[in-house]
Protein chains: 2
Amino acid sequence: MSRWAPNARERLETAALDLFVENGYEDTTVAQIADRAGLNRATFFRHFADKREVLFGGEDVLAGLFADAIQAAPPGATLTECLRAALAAAGVVMTPQRRAAAAKRRLVVAANSELQERGLLKHTRVAESVTAALRERGTDELTARLAAEVGMLAFSVAFERWMKANDDEPFAPFADAALSDLRARAAELTTGQSRNGPPSRDIPASGTFSQVVAGDGFTPLSGELGRAHPL
Amino acid sequence: MSRWAPNARERLETAALDLFVENGYEDTTVAQIADRAGLNRATFFRHFADKREVLFGGEDVLAGLFADAIQAAPPGATLTECLRAALAAAGVVMTPQRRAAAAKRRLVVAANSELQERGLLKHTRVAESVTAALRERGTDELTARLAAEVGMLAFSVAFERWMKANDDEPFAPFADAALSDLRARAAELTTGQSRNGPPSRDIPASGTFSQVVAGDGFTPLSGELGRAHPL
């Protein structure tokens, strides 16, 4: 077992998710995860604070990617351009491996209410990161909070749709489409137009926002990314 | 100790919050709460599943009030009218006593990360209730989810501002103002107008959405209301 095993973080994540699905989250130990990955416990703890962070470390990565992208947007960028840049930045880590891991993660988190609560907290931390990044650009507090909520909802919707797509489809078009869809609906809210008739568009009714958030979050593939935004 | 003590729920809540603030949430027992309220443990458990529900039972009340109000809105009501009706319904339980209890609750929850996570879960359940109520009116899934997020943000903002107001001020005007403020900002999102300059309005930057949600939730005053929406 090499101290500097290649792809250690990714191997540990895969082993952990497989064991969580096979034996349950509660009944899986760090020793078992390390063993399945062909690594030792010390290596596990270099990458994750505990087994729960295998499931939720990715939200910290996401918070960092979003905030960095918003900070890097041109000075005159609109709110929507800032959100689009943030979601596009997330695309970097949206790989076929990520899609496979997220499907397992959904199963594990859905079976454990404590993990669902943890997922919501992590989701909130990501939203706070977006709010703070927008505020630093001079956006007023309430606008920043609203934009962050819209951005998080767009991310969740894009992620749901991307999860069902083919393995080689990139994330960015899903992010753009979700953001456009939400902007169109926000317009309905602001004009006061009634939408209480039958749905006029074919929107998949696949679970609520929070179900997606709690069960469908995001964990990092790359150890480098994980270390760039430690807990 | 009467089995049918008047205002038992309210007395238990007051006793619990006082003890949580004085001795900490973890170190307070149900027996102590009942004793302080001049009631017995059995009475406590008729009103609350456990001591945590003294802090979070109110979200169930809120979820019920919101959903009932949206269901009762006229068939042609716009999304904004539905949200306004929901927030107005919450006003019924926004009393001076509620304001005092919420201030204590904020202190208790802020000191305990597990309680913060629980608060987020409860907040999510309220949002889901709003989403479901809008969907039942024929609103498409994505619009319902967005409107629910906007409604929850409006509630949080209104609640923050109302908490700082005088004791005799009703909640409804705060709810209307918060909803109007958010609609104006949603318009900025949809037109693509830049808001990345200095703030043009005086919006208090008093904590993020989630801090408000986690620390500033809502617990019921009335036993009747509590029983109408049991856990």
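Parameters and conventions
- Residues numbered from 1 in each chain as written.
- Chains lettered and ligands numbered in written order.
- Predicted model: local features only at pLDDT ≥ 70, side-chain atom pairs only at ≥ 80, totals over all residues.
- Heavy atoms only, no water.
- Axes fitted to C-alpha atoms, helices over the stretch in contact; angles between N-to-C directions.
- Helix = DSSP H or I, 4+ residues; strand = E, 2+ residues; numbered from the N terminus.
- Parallel < 35°, antiparallel > 145°, perpendicular 65-115°, else oblique.
- Left-handed = near helix turned anticlockwise from the far one by under 90°.
- Contact = heavy atoms within 4.5 Å.
- Nonpolar A, V, L, I, M, F, W, Y, C, P; charged D, E, K, R; others polar.
- Polar contact = N/O pair within 3.5 Å; in protein donor to acceptor, adjacent residues only side chain to side chain.
- Phe/Tyr/Trp six-rings, centres within 6.5 Å; stacked < 30°, edge-to-face > 60°.
- Buried < 20%, exposed > 50% of the residue type's maximum accessible area, 1.4 Å probe, protein only.
- Lys NZ or Arg CZ within 6 Å of the ring centre and 35° of its normal.
- pLDDT = per-residue confidence, 0-100.
- Expected span 1.5 Å × (residues − 1).

S.K.: Help me out: how do you make sense of the packing of helix H5 (residues 79–90) of chain B against helix H9 (residues 172–191) of chain B in this one?
M.R.: In a packed pair of helices, the relevant descriptors are the angle between the two axes and the axis-to-axis distance. All names here are of chain B. Where H5 meets H9, the closest approach of the two axes is 9 Å, and the angle between their N-to-C directions is 150°. Here H5 lies roughly antiparallel to H9, going by the angle between them. Taken as a pair, H5 and H9 cross one another with a handedness that is right-handed. For the pair formed by H5 and H9, the contact residues are Thr-80, Leu-83, Arg-84 and Leu-87 on the first element and Ala-175, Asp-176, Leu-179 and Arg-183 on the second. Here the contact of H5 with H9 is composed, by residue class, of 4 nonpolar, 1 polar and 3 charged.

S.K.: Explain the side chain of Asn-112 of chain A to me, please; I cannot follow it from the model alone.
M.R.: Residue and element names in this part refer to chain A. When you line up the elements, Asn-112 lands in the loop between helix H6 (96–110) and helix H7 (113–136). A polar atom in the side chain of Asn-112 sits 2.9 Å from the backbone nitrogen of Glu-114. Discounting chain neighbours no more than four positions away, the residues touching Asn-112 are Tyr-25 and Glu-26.

S.K.: Explanation requested: the packing of aromatic side chains in the structure shown.
M.R.: Two aromatic rings are characterised by how far apart their centres lie and by the angle between their planes. A complete count under the given rule lists 16 aromatic pairs over all chains for this structure. Between Phe-20 of chain A and Tyr-25 of chain A, the aromatic rings sit 5.0 Å apart at their centres with planes inclined by 65°, giving edge-to-face as the arrangement. Assigned by exposure class, Phe-20 of chain A and Tyr-25 of chain A land together as buried. Between Phe-44 of chain A and Phe-45 of chain A the ring centres are 5.3 Å apart and the planes differ by 85°, which places this aromatic pair in the edge-to-face class. Residue classification places Phe-44 of chain A among the buried positions, given a relative accessible area of 0%. Aromatic rings pair up to connect Phe-66, Phe-155, Phe-159, Trp-162 and Phe-171 of chain A into one cluster. Here the basic side chain of Lys-51 of chain A rests over the ring of Tyr-25 of chain A, its NZ or CZ set 4.4 Å away from the ring centre. Its end group placed over the ring of Trp-162 of chain B, Arg-99 of chain B keeps NZ or CZ at 4.1 Å from the ring centre.

S.K.: How do you make sense of the confidence of the model for chain A when you look at a structure like this?
M.R.: Interpretation of this model should avoid reading the predicted coordinates in detail wherever pLDDT is low. All names here are of chain A. When pLDDT is averaged along chain A, the result is 81, and 81% of the positions lie at 70 or above. Below pLDDT 50 for its whole length, residues 194–231 participates in 120 contacts with residues either more than four positions away or in separate chains. Predicted complex metrics record ipTM = 0.75 and pTM = 0.77.

S.K.: Hey, could you run me through the environment of Ala-127 of chain B in this one?
M.R.: All names here are of chain B. Within the secondary structure layout, Ala-127 lies in helix H7 (residues 113–136). A relative accessible area of 8% means that Ala-127 is categorised as buried. Separated by 94 residues in sequence, Ala-127 and Ile-33 have C-alpha atoms that sit 31 Å apart. Once residues within four sequence positions are removed from consideration, Ala-127 is found in contact with Ala-148, Glu-149 and Met-152.

S.K.: What should I look at first to understand helix H8 (residues 141–163) of chain B in this one?
M.R.: Residues and elements named next belong to chain B. Between the first and last C-alpha of H8 there are 33 Å, a value that for 23 residues agrees with the 33 Å anticipated at 1.5 Å per step. Within H8, 22 of the 23 residues are buried, which leaves the element mostly enclosed by the surrounding structure. The N-capping residue of H8, defined by a side-chain oxygen 3.1 Å from the backbone nitrogen of Leu-142, is Asp-140.

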